[in-house]
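Analysis of the macromolecular model
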Amino acid sequence: VPEIFMYSSNIGTAKMAFAAGGAEALQSFFQKLGFFAAPSLEIVEVAKPQTPRRWADVTTATTSFGHGFAITPIQFVEAVGGLIGDGSMAPTTLLRRDPEQAIARKKLVSAATADELRFLMWLTVAQGTGTRAKLDSYALGGKTGTAEKPARGGYRHDAVLASFVGAFPIQAPRYVVLVMLDEPQGDASTHGYRYGGWTSAPVVARIIDRIGPLLGVPPTPKTVNEKMEERLVAGGYELQSQQHE
């Protein structure tokens with residue numbers, strides 16, 4: 001599972017979806033995340049997700065890793081925030097809330113599962129596809145995403161949407177940052193790659209490095225990364241320093 005997540009294996013993700021219960025289980029979890037309805041924001045300009053008309057086995061496979069299913073960025077951030085905190089999701093709002101205001105939350109996963117997900121996101125930045133988001137100031141976790149853009153009759157192989165979502169400080173997340181680039185082009189600095197890990201991840205890192213002090217978030221103690229590394233080794237994995245696509 002760690003390799004599937006940190007290296008963005010589509011095949012591994014699809015196999016996990018079927019092992020977890022297939023189409024019925026996947027649709028049920030998407031429903032819990034709110035992926036079948038428009039986001040409930042305080043504005044008129046909201047869009048309903050684009051969902052498959054029928055769910056064949058190939059639909060279960062592709063939607064498990066994000067193809068054939070489109071949600072709004074705000075819904076994605078809302079889901080990530082709900083999955084990596086204590087496992088409960090608070091409704092997104094554009095209005096300032098009173099810090100003392102009670103908020104009705106929806107339970108998504110157990111606290112133990114949320115803890116595992118935080119570790120997997122840290123691992124993705126530490127030595128997976130998101131290493132270009134690594135910072136000295138904050139320990140952050142994240143997930144890369146690269147999707148071919150849809151076109152008439154299929155997908156465009158010459159154009160992608162590249163994204164990276166980062167959360168910090170990952171040991172007790174307070175903020176989520178999502179950057180999505182429309183049709184990025186690889187250059188010398190990315191060795192020609194246009195993947196989210198090469199193009200979007202560095203942008204998220206720069207944003208977090210700048211806004212963290214402004215938001216009053218103290219630098220992450222070195223012990224946080226040390227504990228994560230101990231957890232990695234205890235799980236039977238070796239520390240690596242190479243850059244992956």
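In this report, the structure presented in the accompanying data block is examined. (Residues numbered from 1 in each chain as written. Predicted model: local features only at pLDDT ≥ 70, side-chain atom pairs only at ≥ 80, totals over all residues. Heavy atoms only, no water.)

1. A closer look at the side chain of T124
Along the chain, T124 turns up in helix α6 (residues 111–127). On the basis of relative accessible area, T124 is assigned to the buried category, the value being 0%. Not counting residues up to four positions away in its chain, the partners in contact with T124 are F5, M6, T129, G130, T131, G142 and K143. (Helix = DSSP H or I, 4+ residues; strand = E, 2+ residues; numbered from the N terminus. Buried < 20%, exposed > 50% of the residue type's maximum accessible area, 1.4 Å probe, protein only. Contact = heavy atoms within 4.5 Å.)

2. Some words on the nonpolar core
By size, the foremost hydrophobic cluster in this structure holds 29 residues, and its most contacted members are L33, F119, M121, W122 and I170. If one sorts the elements of this core by residue count, α6 sits on top with eight residues. Apart from residues no more than four positions distant in its own chain, M121 is found in contact with F5, V80, I84, L140, G141, G142, K143, V165 and I170. Within the second largest apolar cluster, 14 residues are counted, among which are A133, F164, F168 and V217. (Core = buried A, V, L, I, M, F, W, Y, C linked by side-chain atoms within 4.5 Å.)

3. Describing the environment of S8
Tracing the chain through its elements places S8 in the loop between α1 (2–6) and α2 (10–19). Residues S8 and T144 lie 136 residues apart in sequence; the distance between their C-alpha atoms is 7.6 Å. Once residues within four sequence positions are removed from consideration, S8 is found in contact with E3, T129, K143 and T144.

4. Re the sheet that holds strand β5 (residues 175–182)
Taken in spatial order, the three strands make up an open sheet running β3-β4-β5, and their pairing is antiparallel. Every other strand in the sheet has two partners, leaving β3 (141–151) and β5 as the edge strands with one partner each. Each strand axis lies, on average, 20° off the axis of its neighbour in the sheet, ignoring direction. Relative to β5, strand β4 (residues 154–168) runs antiparallel, the two sharing eight bridges. Bridging from a neighbouring strand, F168 pairs with Y175 of β5. Sitting on the sheet, α6 is in contact with β3 and β4, with an inclination near 80° to β3. Running at roughly 145° to β5, helix α8 (residues 201–214) makes contact with β4 and β5 of the sheet. (Pairing = 2+ DSSP bridges. Axes fitted to C-alpha atoms, helices over the stretch in contact; angles between N-to-C directions.)

5. Some points on the packing of α6 against helix α9 (residues 222–234)
Two elements in contact, α6 and α9, have axes separated by 11 Å at closest approach and are oriented at 100°. Here α6 is positioned roughly perpendicular relative to α9, judged by the angle of their axes. Here D115, E116, F119, W122, L123 and Q127 of α6 come into contact with α9, specifically with N225, M228, E229, R231 and L232. (Parallel < 35°, antiparallel > 145°, perpendicular 65-115°, else oblique.)

Any functional reading would require information beyond the geometric quantities listed.
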